[in-house]
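Breakdown of the fold
Letter by letter, the chains look like this.
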Amino acid sequence: MRTNLTFILLILITWFSCGNIITDTDQIDYRQEMRTFVQSISEHAKKQDPNFMIIPQNGHELVLKKGLVAKNYLSAIDGLAQENLFFGYIEDDQPTPVTATNNMLKLLNIGQEAGKTIMVTDYCSTTYKMNQSYVQNEAIGYISFAAPDRNLTVIPTVPSPIHNVNNQSVEQLSDARNFLYLLNKSEFDSKMDFISAIQSTNYDVLITDAFYDEEIFTPQEVEQLRQKANGGQRLVISYMSIGEAEDYRFYWQESWDEGEPDWLVEENPNWEGNYKVKYWDPDWQEIIVGADNAYLQKILDANFDGVYLDIIDGFQYFENR
């Protein structure tokens, strides 16, 4: 027996000495960590404003946990946003492969059955394809935006009038019949030019960055953005990335670089200035939620109606490393 124990110990020592130690990272459930992060954002925000809306973009796989509906996650959110459902999955203005569409639909429909509004952004610029995007999404009960530019810089001129134009005021996401996704404000000469351009539209929901240049919108300016041209009011939702750090944000420090701080992993090769983060790290999460100067708190203080959470699918990066 003693010989056997010695032999086993020798095997274990050899195993560990060869660098085969199971690290903390190996034990992380990346999907659950993202669910927990979103749930903490929701809990913190709704304590201050019960009507504040939480809308994660992509990461639709999170609606299932070990094959079962992730009820706590779905209870924490108000909608599910998805890019490229019908157009843009492989290339802009090209149909998404049917297999990819069907895989997304299976999961998005779980959210829809749970009473969540499904918001789709298709990337297409041909008039026929833009119209098809709206028709296909409406047929399955989703609201959608056909974006002619993936950088989200323009207010489309197609269709005109906008799809499902609505002259009623929208107070909750389930009442919305359309939305505008406009992040990049480079086409506008000033903040007031941007506000005026939005006020001239009748979209039910505006998804936009909380900042114009480096200055966050004030509550009064957010109220101006709520005004539709037809006299109704829209919802104004702030974009917020939680799966990547952006070097143009208020929180960025000049000393930061890949690996410093240690939760800052590497730059996204497809988006300059965006860095993958260990989103489960307490120091990163404190930048997003909890502290008095946290990103979420700034959005709440500016009186936005909710947050549109991006890089929810950040778990895929770590699962595939």
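Counting restarts for each chain, with residues numbered from 1 along the sequence as it is written. Predicted model: local features are reported for residues with pLDDT of at least 70 only, side-chain atom pairs are reported and counted for 80 or more only, and whole-chain, interface and lining totals are derived from all residues. As a rule here, side-chain values cover all heavy atoms of the structure and leave hydrogens and water aside.

1. Some details on the environment of Gly243
What counts here: By definition, any uninterrupted DSSP run of H or I lasting at least four residues is a helix, any uninterrupted run of E lasting at least two residues is a strand, and each is numbered from the N terminus. Buried means the residue's accessible area, taken with a 1.4 Å probe over protein chains only, is under 20% of the maximum for its type, while exposed means over 50%, and partly exposed covers the values in between. Contacts: residue pairs with any heavy atoms within 4.5 Å of one another.
Here Gly243 shows up in the loop between β11 (235-241) and β12 (244-246). Here Gly243 falls in the buried class, since its relative accessible area comes to 2%. What Gly243 contacts, discounting residues up to four positions off in sequence, is Tyr275, Lys276, Val277, Asp310 and Ile311.

2. Details of the sheet that holds β11
Sheet strands line up and pair through hydrogen bonds in the backbone, either parallel or antiparallel. The condition is simple: At least two DSSP bridges between two strands are required for those strands to pair. Geometry is summarised by axes, namely lines fitted to C-alpha atoms with helices restricted to the contacting stretch, and by angles between N-to-C directions that run from 0 to 180 degrees.
Within the open sheet, the five strands sit side by side as β1-β15-β11-β8-β7. Their pairing is parallel. Strands with a single pairing partner mark the edges of an open sheet, and in this sheet they are β1 (53-56) and β7 (180-181). One ladder, built from five bridges, connects β11 with strand β15 (residues 306-310); its direction is parallel. Its bridge partner being in β15, Tyr239 is matched across the sheet by Tyr308. Docked against the sheet, helix α2 (residues 30-48) engages β1, β11 and β15, running at close to 160° with respect to β1.

3. Some thoughts on helix α5 (residues 127-139)
Test applied: Each residue after the first adds 1.5 Å to the expected span of a helix. This arc describes the spread of directions from the helix axis toward the C-beta atoms.
Its 13 residues place the ends of α5 18 Å apart at the C-alpha level, agreeing with the 18 Å of an ideal helix rising 1.5 Å per residue. Here α5 has its buried residues at Lys129, Met130, Ser133, Tyr134 and Asn137. All buried residues of α5 project into a common sector of 145° when viewed along the axis, lining one side. Exposed positions of α5 whose direction lies more than 90 degrees from the buried face are Tyr128 and Ala139. For α5, the elements touching its buried residues are β5 (117-123) and β6 (143-147).

4. Some details on the pattern of salt bridges
Where we set the bar: Salt bridge criterion: a side-chain nitrogen from Lys or Arg within 4 Å of a carboxyl oxygen from Asp or Glu.
Evaluation of the coordinates by the stated rule reveals 13 salt bridges. For Lys191, the salt bridge is made with Glu221, and the minimal N-O distance between the two is 3.1 Å. Note that Lys191 is positioned in helix α6 (residues 191-199) and Glu221 in helix α7 (residues 219-225), a separation of 30 residues in sequence. Between Asp305 and Arg226 there is a salt bridge, with its nearest N and O atoms 3.1 Å apart. Of this pair, Asp305 sits in the loop between α9 (295-301) and β15 while Arg226 sits in the loop between α7 and β11, and the two are 79 residues apart along the sequence. On the basis of relative accessible area, Asp305 is assigned to the buried category, the value being 16%.

5. Structural notes on the side chain of Asn268
The cut-off we apply is this: We call two N or O atoms a polar contact when they sit within 3.5 Å, provided that within protein one can donate a hydrogen and the other can accept it, with sequence-adjacent residues counted only if both atoms are side-chain atoms.
Its place among the elements puts Asn268 in the loop between β13 (264-267) and β14 (274-277). Its relative accessible area of 10% is what places Asn268 among the buried residues. A distance of 2.9 Å separates polar atoms of two side chains, one belonging to Asn268 and the other to Glu244. When near neighbours in sequence (up to four residues on either side) are disregarded, Asn268 contacts Glu244, Asn274, Tyr275 and Lys276.

6. So, the sheet that holds β6
In space, the three strands of this open sheet follow the order β4-β5-β6, with parallel pairing throughout. The sheet is open, and its two borders are formed by β4 (79-83) and β6, each paired with just one other strand. For this sheet the average axis-to-axis angle between neighbouring strands, irrespective of direction, equals 15°. Contacting β4 and β5, helix α4 (residues 98-113) runs over the sheet at an angle of about 160° to β4.

7. With respect to the pairing of β6
We apply this condition: The definition of a right-handed crossover adopted here requires that, viewed with the strands pointing away, the path from the first strand over the helix to the second runs clockwise.
Counting buried residues in β6 gives five out of five residues, a clear majority hidden from the surface. The alternating pattern of β6 places Ile143, Phe145 and Ala147 on one face and Ser144 and Ala146 on the opposite face, and all of these are buried. Bridge analysis of β5 against β6 gives five bridges, and the strand direction is parallel. Bridge pairing links Tyr123 to Ala147 in β6. For the crossover from β5 across α5 to β6, the handedness is right-handed.

8. Some words on a negative patch on the surface
Our working definition: Two distance rules govern patches: like charges are joined within 9 Å, and nonpolar side chains (Val, Leu, Ile, Met, Phe, Trp, Tyr) within 5 Å, applied only to residues with over 30% relative accessible area and no salt bridge. Per-residue and other accessible areas were derived by the Shrake-Rupley procedure at a 1.4 Å probe size, with only the shown protein chains allowed to occlude residues. For this count, His and the chain ends are skipped, Lys and Arg are scored as positive, and Asp and Glu as negative. We put the charge of a Lys on NZ, of an Arg on CZ, of an Asp on CG and of a Glu on CD.
A cluster of acidic residues, Asp257, Glu258, Glu260, Asp262, Glu266, Asp283 and Glu286, forms a negative patch at the surface. Its place among the elements puts Glu286 in helix α8 (residues 282-288).

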